[in-house]
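Structural characterization, general
Given next are the chains, with one letter for each unit.
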Amino acid sequence: MSFDNAFKKEAIYINGSWSAADNGATVEVINPATDEIIGTIPHCGRAETARAISSAHTAFKSWKKTTAEERSKLMGRLADEIVANLDELALLLTAEMGKPLAEAKGEIMGGAKYIRFFAEEAKRVYGDIIPSPWGDRRILVTKEPVGVVGAITPWNFPNSMIARKLGAALASGCTMVIKPSEFTPYSALAYGILAEKAGLPAGVINVLTGEAKDIGEEMCENPQVAKITFTGSTRVGKILAGNAGKAMKKISMELGGNAPFIVFDDADLDKAVEGAIASKFRNSGQTCVCANRLYIQAGVYDAFAEKLAKAVTEQLKPGNGLDDGVTQGPLINEAAVKKVHEHLEDAKSKGGKVIVGGTEVDGPGTFFQPTVVTGAHAEMRVAREETFGPLAVLFKFETEAEAIERANDTEYGLACYFYTNDLGRSFRVMEALEYGLVGVNEGVITTEVAPFGGVKDSGMGNEGSKYGLDDYLNIKYACFGGLGA
Ligand SMILES: NC(=O)c1ccc[n+]([C@@H]2O[C@H](COP(=O)([O-])OP(=O)(O)OC[C@H]3O[C@@H](n4cnc5c(N)ncnc54)[C@H](O)[C@@H]3O)[C@@H](O)[C@H]2O)c1
Ligand SMILES: O=C[C@H](O)CS(=O)(=O)O
């Protein structure tokens, strides 16, 4: 059942105008909580992508010449428009992605914070004057926007994953072509409406939907694109990084994870359970930084498992994100439910014991009960693969050295967490863990002021923070000679 929303646009946004796909093709968008069709979107290909890139390239010529102050003011207006339309944008996000309305509002406010943060950072893109080794020459270093940026984003945070990129791009003087996930297109297309309301010049932001492979290939091969920024799976990230590399384009890759969550026997168990609930079950376990493997030291294993099971039962309520009291929305689709099911059945077949949950939720939508399994070990799929769902598996360990070795035994390196009240241990373990993000006695650590990025197969580059601008800027060194002694 289609639904009305002031920000629901069933058209692509190129050069300040809204249009359909060249051949009129469309695809349906589904509400994962109800299985209902909530609308359609254009299914575009390379031709429309090339037009969007051309539009961004033309706009870049003037946008890069705006002053930081001018860009900052427009970005401030963009953030204001996001906040002013929070309720409508949140209803749209919950309809297409399923997360509870309060979480959708939190995500959108987080997006506005990224835009506002970079509106200020725009005014701090400093260069250098370096003491010259030559008496008749001067050394000057400036930073310049890289140009047109192709952005491809995931469905799990359909607003903030765009804001995190768009903020840095606009602040640095770049222009952008955005391709959102086909599962959650409306929150991205809404940025076209927001850009119009904020008064951003045509072509600075372009948003299109369509065949992901074709759009990605056009972005990677089109010489007018200077950079590719991607948030999504490691599998797709490697495809894009390879194609962009062939064209020598800059890349930022925010990819998959397999976060360890370690609880030492000196930890505050109630705090650790609170952190495990927040880290594991946020967005129904569908975040790249979700705890994927919970390592509990032997002395507190049974007590932690009992406390976690109690908290899951008492605090987590699956349901339609529009309903009061619901804390767990649906998974994005049947494939996501199937993966959680496979990980659970694999764990059970290898000795895992379900102490809470363990089944899909009856009725419409793609729900899965928040689930806790004990007796996990390294031979299980969940030890090596990102579950991306509400499945908490508890591994037992004996020593600090063992916990560190097992936590690092993965090709991923995005987020990790551990709980301890031992100050020396907190530094030893933080320094030993091979990850980009470390939560010490905290289960949710994302903020616009801190760098967000992974190592190993979790990607490259950092988003947010003062570091987030670096990937959108080229450094230019100028030597002024002939100045006389
Ligand atoms: N590191 C982070 O900040 C971060 C944030 C969110 C999600 N993720 C990761 O993303 C994954 C889940 O998101 P997802 O299912 O949307 O990931 P995905 O890789 O399937 O899709 C991400 C985006 O890539 C597009 N895409 C798919 N195939 C493509 C191709 N061949 N060429 C170009 N684009 C293509 C999709 O349409 C979508 O827009 C998880 O692995 C999660 O860990 C990482
Ligand atoms: O899923 C990935 C997001 O980056 C999670 S967070 O909202 O940035 O913590």
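Per an unreviewed UniProt entry, the chain goes by the name NAD-dependent succinate-semialdehyde dehydrogenase and belongs to Roseibium limicola. Looking at the chain in UniProt, the text filed under Sequence similarities (unreviewed entry) is "Belongs to the aldehyde dehydrogenase family."

Attention shifts here to helix α9 (residues 269-281). The end-to-end C-alpha distance of α9 is 17 Å, a good match for the 18 Å that 13 residues give at a rise of 1.5 Å each. Among the residues of α9, those classed as buried are L269, A272, V273, G275, A276, I277, S279, K280 and F281. Tucked into the core, α9 has its buried residues touching β12 (259-263), β13 (291-297), α10 (301-315), β15 (371-376), β16 (391-397) and β17 (415-419). For α9, the capping residue at the N-terminal end is D268, with a side-chain oxygen 3.0 Å from the backbone nitrogen of D270. Of the residues flanking the end of α9, it is N283, one or two places downstream, whose phi is positive at about 60 degrees.

Moving on, we come to the site of ligand 1. Taken together, 28 residues surround ligand 1, and among them T153, W155, E182, S233 and E386 come closest. W155 places a polar side-chain atom, nitrogen or oxygen, 2.8 Å from an oxygen atom of ligand 1. Between ligand 1 and S233, the relevant distance is 2.6 Å, taken from an oxygen atom to a side-chain nitrogen or oxygen of the residue. Its residues assigned to classes, the shell around ligand 1 shows 14 nonpolar, eight polar and six charged.

Their axes nearest at 8 Å, the elements helix α3 (residues 86-97) and helix α4 (residues 101-121) cross at an angle of 120 degrees. What the angle tells us is that α3 and α4 run oblique. Every pair of crossing elements has a handedness; the one defined by α3 and α4 is right-handed. Of the residues in α4, those touching α3 at L86, D87, L89, A90, L91, L93 and T94 are L101, A104, K105, E107, I108 and M109. Considering only residue class, the contact of α3 with α4 consists of nine nonpolar, one polar and three charged.

Take the pattern of salt bridges next. In this structure the tally under the stated criterion is 31 salt bridges. For R46, the salt bridge goes to E218, with nearest N and O atoms at 2.9 Å. Taken together, the residues span a long stretch of sequence, with R46 in helix α1 (residues 46-63) and E218 in helix α7 (residues 212-221) at a distance of 172 residues. When its relative accessible area of 29% is taken as the criterion, R46 is described as partly exposed. Here R406 and E402 are joined by a salt bridge, their closest N and O atoms 2.5 Å apart. Of this pair, R406 and E402 are both found in helix α12 (residues 400-408), four residues apart, which corresponds to roughly one turn of the helix. Given a relative accessible area of 21%, R406 falls into the partly exposed group. Three or more residues are tied together by salt bridges with common partners; here these are R46, K213, E217, E218 and E221.

Turning next to the UniProt feature "domain: Aldehyde dehydrogenase" (unreviewed entry) in the chain. The sites that carry the UniProt feature "domain: Aldehyde dehydrogenase" (unreviewed entry) are, in the present numbering, residues 18-477. The distance separating the terminal C-alpha atoms of residues 18-477 is 41 Å; by composition the span is 39% helix and 20% strand.

For the pair α12 and helix α13 (residues 423-432), interaxial distance at closest approach is 10 Å and the crossing angle is 25 degrees. Between α12 and α13, the angle falls in the class roughly parallel. The interaxial crossing formed by α12 with α13 has right-handed handedness. Where α12 approaches α13, its residues E400, I404 and N408 are matched on the opposing element by R425, R428, V429 and A432.

Further remarks concern the nonpolar core. One finds L166, L170, I205 and I262 to be the most contacted residues of the largest nonpolar core, which totals 87 residues. It is helix α6 (residues 186-198) that contributes the most residues to this core, nine residues altogether. Those residues in contact with I205 that sit more than four places away from it in its chain are Y13, L166, L170, M176, I178, A195 and L200.

We now examine helix α11 (residues 334-349). Counted at 1.5 Å a residue, the expected span for α11 with its 16 residues is 22 Å, and the 22 Å between its end C-alpha atoms agrees. Those residues of α11 that sit buried are A336, V337, V340, H343, L344, D346 and A347. In this fold, the buried residues of α11 make contact with β14 (353-356), β15 and β16. The positive-phi residue at the C-terminal boundary of α11 is G351, with phi of around 105 degrees.

Rules used in this analysis
Residues numbered from 1 in each chain as written. Chains lettered and ligands numbered in written order. Predicted model: local features only at pLDDT ≥ 70, side-chain atom pairs only at ≥ 80, totals over all residues. Heavy atoms only, no water. UniProt positions renumbered as here; feature names shortened; annotations may be inferred. Helix = DSSP H or I, 4+ residues; strand = E, 2+ residues; numbered from the N terminus. Expected span 1.5 Å × (residues − 1). Buried < 20%, exposed > 50% of the residue type's maximum accessible area, 1.4 Å probe, protein only. Contact = heavy atoms within 4.5 Å. Polar contact = N/O pair within 3.5 Å; in protein donor to acceptor, adjacent residues only side chain to side chain. Near = heavy atom within 4 Å. Nonpolar A, V, L, I, M, F, W, Y, C, P; charged D, E, K, R; others polar. Axes fitted to C-alpha atoms, helices over the stretch in contact; angles between N-to-C directions. Parallel < 35°, antiparallel > 145°, perpendicular 65-115°, else oblique. Left-handed = near helix turned anticlockwise from the far one by under 90°. Salt bridge = Lys/Arg side-chain N within 4 Å of Asp/Glu carboxyl O. Core = buried A, V, L, I, M, F, W, Y, C linked by side-chain atoms within 4.5 Å.

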